[in-house]
Each structure stands twice: as C-alpha cells, then as structure tokens.
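Each chain, written out:
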Amino acid sequence: MIKNIKYIAVLALGVLACEPEFDNPIEDAGTYTSGQADFSNYVALGNSLTAGFADGALYITGQENSYPNILSTRFAFAGGGEFTQPLMADNAGGFDGTPAVEQRFPRRLVLAFNADGTPSGPSVYTGAPATTPFGANLGGSFNNMGIPGARVYHLVTEAAGYGNPAGLATDPPVANPYFVRLASSPNAAVIDDAVAQNPTFFSLWIGNNDILGYATSGGVGVDHNETGNVVPATYSGNDITNNLVFAGAYTELVTKLVEGGTEGVLLNLPDVTSLPFFTTVPYNPIPLDEVTARATNMAYAAYNGGLQQAVAFGAISAEEASKRTINFVPGQNAVVILDEDLTDLTGLNPNLANFRQATPDDLLVLTSSALIGTLVDPSDPTSVLGVGVPLDDQYVLTPQEQAAVENARLSFNATIKALAEANNLAFYDVAADLSQAANGGIAFDGGVITSQFVAGGGFSLDGVHPTPRGHALVTNGILDVISVKYGVNVPKVNVADYGTVTISNEVN
Amino acid sequence: MRKLLLVVLFIAVTMVTYAGGYRVSVQGQRAIAMGHTGVAVVNSAELVFFNPAGLVYLENKLNVSVGVSGIFTDVIFQNEELGISSETDNSVGTPLNIYASYQVTDWMSVGLGVYTPYGSEVSWPTDWAGSQLVNNIDLASIYIQPVLSFKLSDHFSIGGGPIFVTGSVNFNRNATRTTTDLEGNRSNITVDDSGVTNWGWSVGAMVNLTEDLHLGFNYRSEIILESEDGTATFANFPNSPGAPPNETTGFNAELPLPAELSVGISYTYKKWLFAFDYNRQFWDVYESLDITFENGAPSSVNPRNYKNSSAYRFGLQYQATEKIALRAGYYHDETPVQPGFFAPETPRNDSDGFTGGVSFAVTSKLAIDASFFYLRFEEIDASYDFGSGSTGAQESFGGTYKSSVFAPGLGLTYKM
C-alpha cells in the first residue's frame, strides 16, 4: 500500500512537471515598467469625456470603457492600483426623477433599425427605465473625477458648491447632479476632492465644454472673448469662456495637481470639425424638382427684390445682396437659414429678415437632421423647414461663429501646452489624432477608425462623445506620450477589441 | 543490478505520442508505450487498428485488448505587446479502446475494434482575448470497425474492414470581438450536435521477410462528418433587426476526419523488439470550417487550409523477465497547421513525443499494460490571420502559444 502511494506521488509529480511554461512569461517582473511614473493611485480629472459619457448619457458600460478606466487596466501591469468609478445604476443612462429632470437627463441613444435590417437612426432607448436617483450622493470619492457638463471654471476651489444638491433646484441650476453624486461634502470643489485622494499620477482633459456649449447650440450664446466678461458666474451654458478665465482656472488646476511633484498628462481640445455632430448634415440636403423649385423661388421673389432695393439705398453691398439672394434649382439645394451676422434690414423693410441660403462653409448641427424638411405648420404645405421657413440660428454654426470657437480653442490649447511644458508634464495632442480620424482615418488591425457618424466607429450616437473604440484610441495616444516622457512601458490595447455604437430596437 | 539499470534507462528514454490537428494517437496501450508504432508489430489485438492483416499471425486463438488513457492537456497563450495571457482549463480526456480478434481457421481471423482516433477538447476562459475564434470546443468521434484478416502465405497477409463512425461536437465562440447586448454581455453562438454518423474503411497488408522481420502497410479512409440535425444557439445578441435573434436554430457544417497511411517495419532480436512507423495524414481535405445557419444569420466561414503531415515513430520493447515487458518510444509529429492559420481551437505545432510503459503478465492469459506519453511542444509565435471583424474586414489574432500533453494509460490484454 505504501508502495502504491509512492507511485501515485510520482505520477502526480509527472503531471505537474508537464505544465507548459513560457521562456519569458509576461507575468515576470521586469516585463513592463512604470518608468519614472508612479501609477499606484491614478486620478482622472475632466468632463463627460473622462467620465465615459456616450450616446447622450452616462451608463455603466460607457463608464467601463472610458479612457481613464482602460488606461488603469494598462497601469495595472506596472504597479497600478485599483481604479474606482462612480458607476451609474444601469445601462439605460439618465436620471430617475421628475419629468423635467428626465427631460434634461434623458436615457441613452441606441441605433434603431428598420424591419428590413437597415439602420433608421439614433433613438432614445426605452427598454428599461432610468434607475439612478437624481440628487443622491454615493458617499465617497472616486479615481474617476470626470464630471459630465463641467467647464474648466466648474472644477476650481472657487466653484465650491457645484456638488451641492440644493443647487439642483435653483433656476438656473447652479449644481451638477454628476458632481452631487461624488462630492465629499455639499460645499466641496472638484479639484479639492481630487487632490484629497493624494494621486500619484493624474490626467486632465478639461475645456471642451467651454467652447462646445456655444458650438452645439449653433452659436446662440455669447462669446466672452468679445464681451470681455471675466465673471464665469454670469455665463450661460451656451457661451464661450473668456481666454483669461480659462487660463486662470486651468493654471489653478494644474498647480494643485502637481503639488508634491505628482506626474501626469494634459490633453488638449479637438477642433469642432473633427466631430460628426457638425459634419454629418450637409448644407444642401433639400432635393427639389423643377416645378417646386420654381414655385419656391416665386415665394422669395419679394425678398430678393427687396435686397436689390436695399443695395440701391446703400444699406448693403451688392456682394451681401448676392449672398442673401434665395435661389432654388432642380436637384440638391442649400437650406434657408437665419444668420444674425447679416446686416439688419428690418428697419428699412420689415419683410427683409436675415435670410440666406447655407454654403459649404456653414456647419449644420446633427440635431437639425430630424427637423429639416418637416412642416412647421402641418396645415401649410409651404412651411417646410429649411425651404419655406428658415432654419433657426441654433441649428447652424456659421463661419463667423466657427471663427469665435476656433480662436478660443487655439488660445485654450496654447495655455494647456504652455502649462504642460512649464510643469514638465506629459502632453497629448489629442486634437491632432482626432483631426487625423476626421481626415482620412486611423488604421488598426481589422479596420479604420474615422469620424464618420455611426459608420466611422469613433463617435457615439450623440456625435460628440467617443465610442469605446474612440476611448481605446485615446488610451493608446496617452500611453505613447507618457512612454516618451516618463519611460513607461506597458502594453497598449487592441483598438479592434473595443466596440462602436450599440444597436437596439427597444425604442418607442 | 543490470535489470534495474535497464528499467531506469527505459524510463529515462520514455517520452511523446499525440498528433497534429485533432488526431489523438492513443489507440492501444502497448503501442502507445512504443511511440505509437504498430503497423508491423505482431503483438496483440491492437492490430485491429494498426494493421488488420497482422491479426492472422497472432499465436492465440482469442485475443482481447482493452485500454483507457487519461489525457491531460494544457495550452498557455500570451501576447506581450497587448499584455494578454490565458490558459486553457481542459477537463481530462479519457479515450477508450477495445479490440478483439478470433482465429476462425488457420488462414483467417476476424476482429472487432472500437477506438477514438479523432477528438479535441479545448476550453479557454469565456470571453478571453481570442473568444471571437473559440471559447470552448469539444469534438469526439468513435470508430467501430469489424475486420477480416487473411493469411495468403506464411509471408504475406491482407486484412481490412468497414468503419462506422459516430461523432459529436459542441463549439462555442463569441460572434465578434465586440458585439454585445445593451448590458455589455458578449454575443455568442453555440453549435451542438451528436450522433453524426458516416462510414469509411481501412485495409492493410503484412509481409514477413523472415520470422523476425515484418513489414506493414495500412490505409484508413477519409470520413466526412456532415452535421445537419444539430442546433445552433444564439445568445446575448442585441434586440434589433440588425442582429440575429436570440434563438435556437439549425445549422449545417462538415468536419473531415482525414485519411491516414501507415507503413512500418519491426524486427525482433533475442529479447528485443524494434519498430518504426511512418504515418502520413491527409489533412489537406480540411480547407475550411464553414457553418451555415437555418435562420439566415450570416454564415461563419473559417479558412483552415491544413496541409498533409507526417509522423515518424520509433518503438522499443524489452522482455525483461517472463512476466515483465518494458517499452519505450519516441516520435516526431508534424503539425498540419500552416503559418497564419494557427487557430486557438486546435493550437498544435510540431511536437516530440516520449513514451514508455510496462506489461505485467498476471497469468499466462492475462496481462496488465501500463503506458504513458508526454508530448513536448516548443513555444511558438503564431497567429490566425483570417478572422472576420464586425465590418467583415480580415483581422488577425495571435501571440505566443505553448502546449503540453501528458497521458498515462492502463489496459488489459487477454489471450487464450
């Protein structure tokens, strides 16, 4: 019997000895390194992009695929610690609250399909209710301090109270429900809650909303580089932040984050023309036949005639008159828009409103696609929006408005780059990568990622926020710059392993 | 003392027997112990498999061999660039074989064999990095074969018989690298079928140049298993006309069990027996694994492009005492998988097999046969470059693989 046990032991040893083993297992110490960086407590600071907001909402799988969370899985190969996120309660997104709250914070978009299997477009998911309570606090800080909707000045110490639930009820609301969820106390500031976690490494991607709010609303807001207003408390969500306000707030954030020699990476702000929200709807989406074109032109004959009179009076130049002249032809036609930057002629003639047809230089926002071609007055067949009735200013970003956005962006980006250099931080020019995605695309194994809406794979259904695949691309971009800056060597992610838009027909 | 030395030597020499693709070389405990040689070895009823022509030369009227092996396989995978590593969690395979032969007259024997030459079980962690190619696969086939063996002279015999095969498959993989339902659960497909049957045949010949020197030849035909009555289960697909519905439907697929040619020689000198086998496996029939679904979901097309491959086997037996026979063997087994087609469902590269075993005659009629083999694979950097992505674009999956197989076995030989 004892002999048998011996044999069994030998046999067991034999089985164990046959376990395969690599010459250089990647689990071995030394395969990867954090270089001069210390990833043991990584804190990500930013806005919706950092939070993993996508498809117009914040939901669990979007958060799990946020670039900071993906980055933390890479850091885990070189001493990275646990990365906590303020996960929402579900994958529907949005907040559970009053009808007004649910309208402001709707559930996510999904790509719906027609019965024949062709995509019909983004629709709000209605397969499950929003279950994340509005105004609740999770009772702790998180490594992911991305606050959807936050502008640069919302994060600084002076903005304490941005997470106070009492501020949700004011009109307009002065608090942000996403920060209410994580604020350490009602009067905490985002930056202080971030620094209080004693980060050993940080990322900062903030400032997008300081221009995007203006851009996505078609420039209906105010450009505070024009007004010179440097009091952000007086800004609306549709305004462009003053350059000095941006620089001051951004400097404060960086100064507080690097205190004690903490290393990190700063990300700059992409061009709005990199975003499908502004590049999907063409300026000339109106198909007309000859009869309709002629009839429509007759309706605008009085307006066109009035313009010539205005030229005769010297009120406008012949050039402006020609720009404003409405002319429809058989085939594709530009939409008629309201442009506040045109000369106001209503004093001369109340019928001479600020109309013109769009040009290739105008950017129509994504949300206009559902409206163009619909009847403003269902009983009036001539009230087609974009033809008989001009498209409102909020749906068009005109060249003047684009210039205001771009000027601010270039100033903000100059600030970010200068602060990265001054503080010896890594700097990721994410604007360059997104521009590449918009102009030709970025290849990966098994495909190309572009900024084309839905099909390009880089942007979620809201046209502004990245898909998981877009976040994977940003992750690899950050890894590139920190490997140079800090001698980091951790594995990149395979972009092909990250998904794009979610399809579902659980929509009403 | 000399005897002990020999035993130690045998155990030291003993090492590998398995084969490329999903061929599993465990068709007899005595043969396994000798590097899975046997086409020219007149030793036991294992000849039903190795070469039915040799059955008629067995000394006894009735010969029975039964055996079972426990196959412990393990595959590890890593990709340093992407920081991925995985290890299979395979259950222990227990292929069985049963052979019997009966000498009807001086010039004819009949035999029957039940054996399992093809099979594969690979289980990767669910949703692992290569899950778009395979999460787990369990492939099994049972061959049932009656044979006849004719002695044409003391120097030449022929044999053969029809083969009835029944096979089963269970295969799960994720739909793509990324497709999930709204909650993030990976969309996946399981195909399952059993009782897939078909017929084949084998034929062999044996030449006895002298009483101690044998030449053998055996050919086993190709058998295609056509699966038509199985089920394909679609799970966790998003609820949309743009995706297949989550349901169980039918599927069609074909899996070839390739033909195999064996030629070999054996030579007996005093208490020693030496054997050499050469196997040629005609894997080029396995061009592609294509699965079509009855619900109209897009077909799954998986190029395999296998090539024909060879195995070279050497075996040695030493009759240590009247009751104890010691065996050892070595073989080299080429993979049928070509570069760029290395799929994690059958992650096999070239291997070296080291085998050993012992028979102990309990009585003059009954012997216990023990065997083992260890199959050694070099680690290999390999990829499967013909996956299709969610957009239909071709994509690659690969890294470094290393496999090992260890299989102890036990059997009984009865002769009367």
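If you're wondering where the values come from, they're calculated on a predicted model, not measured in any experiment.

In this section: the overall build of chain B. Scanning chain B for helices and strands turns up three helices and 23 strands. Computed over its C-alpha atoms, the radius of gyration of chain B comes to 23 Å, within 12% of the 22 Å expected for a compact globule of 416 residues. Dimensions of chain B, computed from the C-alpha atoms along their principal axes, are close to 75 × 45 × 30 Å. Within chain B, the proportion of its 416 residues that are buried is 56%. Restricting to contacts in chain B with at least 6 residues of sequence separation, those with at least 24 account for 69%. Carbon and sulfur atoms make up 59% of the accessible area of chain B, which amounts to about 16100 Å² in all. Taken as two groups, the 23 positive and 42 negative side-chain charges of chain B have centres that lie 15 Å from each other.

With that out of the way, let us pick up the sheet that holds strand E8 (residues 263–267) of chain A. Residues and elements named next belong to chain A. If you trace the five strands from one edge of the open sheet to the other, you get E6-E1-E7-E8-E15, paired in parallel fashion. Both edges of this open sheet fall to strand E6 (144–146) and strand E15 (426–428), since each of them pairs with a single strand only. The mean inter-strand angle of the sheet, taken between neighbouring strand axes irrespective of direction, is 15°.

So, on to helix H8 (residues 208–216) of chain A. Helical geometry: 3.6 residues make up each α-helical turn, so side chains three or four residues apart lie on a common side. All names here are of chain A. Along H8, eight of the nine residues are buried, which leaves the element largely enclosed by surrounding structure. Along its buried surface, H8 packs onto helix H2 (48–51), strand E7 (201–205), helix H10 (243–258), helix H11 (276–279), strand E14 (396–397) and helix H15 (399–422). Just past H8, the residue glycine 218 takes up positive phi, approximately 65°.

Further remarks concern the environment of Tyr143(B). Residues and elements named next belong to chain B. Inspection of the secondary structure puts tyrosine 143 in strand E7 (residues 136–153). When the C-alpha positions of tyrosine 143 and asparagine 97 are compared, they lie 9.5 Å apart, and in sequence the two are 46 residues distant. Each residue touching tyrosine 143, except ones within four places of it in the same chain, is listed here: Gly113, Val114, Tyr115, Pro117, Tyr118, Ile163, Phe164, Val165, Arg220, Ile223 and Leu257.

In this assembly, 39 residues from chain B lie in contact with 42 residues from chain A. Approximately 3100 Å² of surface area, both sides summed, lies buried where chain B meets chain A, with 58% of it carried by carbon and sulfur atoms. In this assembly, chain B and chain A are joined by 13 residue pairs in polar contact (both at pLDDT 80 or more). No other element matches strand E23 (residues 394–415) of chain B, which puts 10 residues into the side of chain B that touches chain A. Across the side of chain B that touches chain A, the residue classes tally to 14 nonpolar, 16 polar and nine charged.

Here the focus is the packing of aromatic side chains. This model, assessed by the stated rule, comprises 54 aromatic pairs over all chains. Pairing Trp124(B) with Trp128(B) gives two aromatic rings, centres 4.1 Å apart and planes at 10°, and the pair type is stacked. Like Trp124(B), the residue Trp128(B) is buried in the burial classification. Ring geometry for Tyr384(B) against Phe386(B): centres 6.2 Å apart, planes inclined by 70°, an arrangement best described as edge-to-face. The exposure class of Phe386(B) is partly exposed, given its relative accessible area of 27%. Linked through ring pairs, Tyr22(B), Phe49(B), Phe50(B), Tyr99(B), Tyr115(B), Tyr118(B), Tyr143(B), Trp283(B), Tyr286(B) and Tyr306(B) together constitute an aromatic cluster. Lying over the aromatic face of Tyr59(A), Arg108(A) brings its terminal NZ or CZ to 3.7 Å of the ring centre. One Lys or Arg, Arg23(B), reaches over the ring of Tyr118(B) and ends 5.8 Å from the middle of that ring.

For the bond from Asp171(A) to Pro172(A), the omega torsion is -5°, close enough to zero to count as cis. By secondary structure assignment, the location of Pro172(A) is in the loop between E6 and helix H6 (177–182). In this structure, Val454(A) takes a positive phi of about 65° despite not being glycine. One can find Val454(A) in the loop between strand E17 (447–449) and helix H17 (468–486). For Val454(A), a relative accessible area of 23% puts it in the partly exposed group. One non-glycine residue with positive phi stands out, namely His36(B), at about 60°. With respect to the helices, strands and loops of the structure, His36(B) is situated in the loop between helix H2 (29–33) and helix H3 (47–50).

With that settled, consider the domain arrangement of chain A. Residues and elements named next belong to chain A. Partitioning chain A into structural domains gives domain 1 (42–277 + 400–497) and domain 2 (286–357 + 363–397). Contact with domain 1, which involves 18 residues of that partner, is made by 11 residues of domain 2. Both sides of the domain 1 and domain 2 interface together cover about 1100 Å² of buried area, and 59% of this is carbon and sulfur. On the surface where domain 1 and domain 2 come into contact, there are zero salt bridges. Counting across the domain 1 and domain 2 interface gives three residue pairs in polar contact (both at pLDDT 80 or more). Elements represented by at least two residues in the side of domain 1 that touches domain 2 include exactly H8, H11 and H15. Taken together, the residues of the side of domain 1 that touches domain 2 break down into eight nonpolar, eight polar and two charged.

Turning our eyes to something else, we now look at the pattern of salt bridges. Scanning all chains against the criterion turns up 18 salt bridges over all chains. Here Arg177(B) ties to Asp445(A) by a salt bridge, and the two come within 3.9 Å at their closest N and O atoms. Of the two residues, Arg177(B) sits in the loop between strand E8 (156–174) and strand E9 (188–208) while Asp445(A) sits in the loop between strand E16 (442–444) and E17, which places them in two different chains. Residue Arg177(B) is classed as buried on the basis of its relative accessible area of 5%. Through salt bridges that share partners, Asp445(A), Asp497(A), Arg177(B) and Glu395(B) make up one connected network.

What counts and how
Residues numbered from 1 in each chain as written. Chains lettered and ligands numbered in written order. Predicted model: local features only at pLDDT ≥ 70, side-chain atom pairs only at ≥ 80, totals over all residues. Heavy atoms only, no water. Helix = DSSP H or I, 4+ residues; strand = E, 2+ residues; numbered from the N terminus. Rg over C-alpha atoms; globule rule 2.2 N^0.38 Å. Buried < 20%, exposed > 50% of the residue type's maximum accessible area, 1.4 Å probe, protein only. Contact = heavy atoms within 4.5 Å. Areas by Shrake-Rupley, 256 points an atom, 1.4 Å probe, with all protein chains shown as cover. Lys, Arg positive; Asp, Glu negative; His and termini not counted. Charge placed at Lys NZ, Arg CZ, Asp CG, Glu CD. Pairing = 2+ DSSP bridges. Axes fitted to C-alpha atoms, helices over the stretch in contact; angles between N-to-C directions. Buried area = accessible area lost by both parts, 1.4 Å probe. Polar contact = N/O pair within 3.5 Å; in protein donor to acceptor, adjacent residues only side chain to side chain. Nonpolar A, V, L, I, M, F, W, Y, C, P; charged D, E, K, R; others polar. Phe/Tyr/Trp six-rings, centres within 6.5 Å; stacked < 30°, edge-to-face > 60°. Lys NZ or Arg CZ within 6 Å of the ring centre and 35° of its normal. Domains from an automatic or database assignment. Salt bridge = Lys/Arg side-chain N within 4 Å of Asp/Glu carboxyl O.

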